[in-house]
Amino acid sequence: MSKNKELFITSFALFSMFFGAGNLLLPPLLGYQATDQWFWVTLGFMITAVVVPIFGILAHARLQGSMFDFGKKVSPLFSSIFCIIIYIISVTIPSPRTAAATHEISIFPNFGTNALLTSSLYFALVLVFVLNRSKILNFLGKFLTPLIVLILLAIIGIGLLMPHEAIKASEFTTPLFTGLEVGYQTFDAIGAIVIGGVIIISLNLKGITSFEEKKKLIAKSGWIAGFGLFVMYAGLILLGSYFSSEVDIDLSLSNDMKRANLLRGISLATLGNIGTAFLSVLVALACFTTAVGITTGTADYFKGLFNNSKNAYTITAIIACLIGIIIGQLGFHYIYMIAGPVLKFIYPIAIVLIFLNIAPTKYATPLVFRAVVLVTFIFGFLDMLAHFFPTNNLLVAFRETISLGGILDMLTHFFPENPYLIAFRETISLGTADFGWVLPSFLTFLVVGLVQKNKQA
């Protein structure tokens, strides 16, 4: 197979494994609410939903191991526990959620069947693909992803070219930050460290063993997949903005139902009655490819734990699919309610591990790894506690005080008339939106790195 063809297939496979239910449903509602501020929410969304995940793929290109290699500089024990937690989360939350989304958006409106039947058939197909994992890249890259892209481009292209009513004014006061926050909700940093391992093993099975060749192929594929995600997200956000005055959705519904109804309304407006059929196929394919990637990555990891045992791979895949069947019938909204607090805790750690693994080795030493992960762990834990105890005044006060918001409050006290500080403080307050870990983790990276460098000098 030619290098260009291999690059094309790998890029498309990466794109399809990233582009799941949340990636399809989040952007249109964001644009719908942003209206004339669509550019700024798009910019924010791209940082957390495209840049961070693609950095995860670039880290994989550099490491070319498994997820275990992401955290081994902290300690082998930490990395093992981290990997097991991530894979358990993956097969119990995101993977079943794809089945729930497929049922609620694609299957039930058209066939009226129950959720158990949908999740059973869905994960039976996932298992077939996972057990034939040597063909996954080719099938995803050659067939499923092009179909996803064509349907999306048809909806986006027609929707943007149609005449539209005037876009109403946005209600967002901080559109850039809102985009950052919504992009954060895709949780694709975890997807990157799971999916990257699948790509590496798939390339090994295809006989591509050269470290440098794989590094270039994975890195280029990551950038191409990232560009594809950028185009689709920007198109979907702009589409939501354009239709904000034309598609009415019941604002009393849950966010998940609002997103689904909006996308259904846009599809109907752009492609007519056939649009709902296309949307059903699009959602099912987008969800399915993500579930295949997650299940394959999990089975690969446990196969490695048991001396590359094929039986371990098969048993893990079967267990993951059975879990998917059981949890997948709970419903999209309920699965996210379970996912929220857990992801608030583990997701920041995944992000800092990505950035530490793409940082130059001389700056990202084992000591820096340990210090930054420890600080991030503490703040992630506080975010999880805040989810369970949202009205605890002591916890709220402590969390706000040690967050960027608290630091900005202190600086504003000393410099009350500084216009730049006032503007920044009003624009962004990370501590109250689950970003309280960002500044402490970054400062830890700088301080520990400088102290260590001075000791070595």
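Numbering of residues begins from 1 in every chain and follows the order in which that chain's sequence is written. For this predicted model, a pLDDT threshold of at least 70 governs which residues receive local features, and a threshold of 80 or more governs which side-chain atom pairs are given and counted, while totals over whole chains, interfaces and linings are taken from all residues. Hydrogen atoms and water are omitted, and side-chain values are computed over all heavy atoms in the structure.

### Focus on helix 1 (residues 3-18)
An α-helical turn contains 3.6 residues, so any two residues separated by three or four positions project in the same direction.
So, step 1. Secondary structure counts use DSSP, requiring at least four H or I residues in a row for a helix and at least two E residues in a row for a strand, with both numbered from the N terminus. Each residue after the first adds 1.5 Å to the expected span of a helix. Across its 16 residues, helix 1 extends 23 Å between first and last C-alpha, which sits within 8% of the 22 Å expected from 1.5 Å per residue.
So, step 2. For each residue, the accessible area found with a 1.4 Å probe, counting protein chains only, is set against the maximum for its type, and the residue is called buried under 20%, exposed over 50%, and partly exposed in between. Buried within helix 1 we find Glu6, Leu7, Ile9, Thr10, Ser11, Ala13, Leu14, Phe15, Ser16, Met17 and Phe18.

### Re the confidence of the model for the chain
So, step 1. Every residue gets a pLDDT, meaning the predictor's confidence in that residue, from 0 to 100. Of the residues in the chain, 86% reach a pLDDT of 70 or more, and the chain-wide mean stands at 83.
So, step 2. The least confident element of the chain is helix 19 (residues 419-427), whose mean pLDDT is 57; the most confident is helix 14 (residues 310-328), at 93.
So, step 3. By definition, residues are in contact when any of their heavy atoms lie within 4.5 Å. Predicted confidence for residues 427-432 stays below pLDDT 50, and this span has 16 contacts to residues more than four positions away or in other chains.

### Concerning the pattern of salt bridges
Here the idea is simple: oppositely charged side chains can pair when their charged atoms come close.
So, step 1. By definition, a salt bridge exists where a carboxyl oxygen of Asp or Glu is found within 4 Å of a side-chain nitrogen of Lys or Arg. Scanning the entire structure with this criterion turns up 2 salt bridges.
So, step 2. Measuring nitrogen to oxygen at the nearest pair gives 2.7 Å for the salt bridge that ties glutamate 6 to lysine 206. Taken as a pair, glutamate 6 in helix 1 and lysine 206 in the loop between helix 10 (188-205) and helix 11 (211-242) lie far apart in primary sequence, 200 residues in all.
So, step 3. Overall, lysine 206 belongs to the partly exposed group, its relative accessible area being 26%.
So, step 4. Close ionic contact of lysine 72 with aspartate 69 constitutes a salt bridge, the shortest N to O distance being 3.0 Å.
So, step 5. Take lysine 72: its relative accessible area is 42%, and that puts it in the partly exposed class.
So, step 6. Residue classification places aspartate 69 among the buried residues on the basis of a relative accessible area of 16%.

### Observations regarding the packing of helix 3 (residues 38-63) against helix 9 (residues 175-184)
So, step 1. Taken N-terminus to C-terminus, the directions of helix 3 and helix 9 make an angle of 35 degrees; their axes are 6 Å apart at the nearest point. Between helix 3 and helix 9 the crossing geometry is right-handed. On helix 9, the residues that touch Trp40, Val41, Leu43, Gly44, Phe45, Ile47, Thr48 and Ala49 of helix 3 are Pro175, Leu176, Gly179, Leu180, Val182, Gly183 and Tyr184.
So, step 2. Here the nonpolar group is Ala, Val, Leu, Ile, Met, Phe, Trp, Tyr, Cys and Pro; Asp, Glu, Lys and Arg are the charged ones; every other residue, Gly included, is treated as polar. A class-by-class count of the residues in the contact of helix 3 with helix 9 yields 11 nonpolar, 4 polar and no charged. Comment: axis = line fitted to C-alpha atoms, over the contacting stretch for helices; angle = value between 0 and 180 degrees taken between N-to-C directions. Whether a crossing is left-handed or right-handed is set by the direction in which the near helix is turned from the far one by less than a right angle, anticlockwise for left-handed and clockwise for right-handed.

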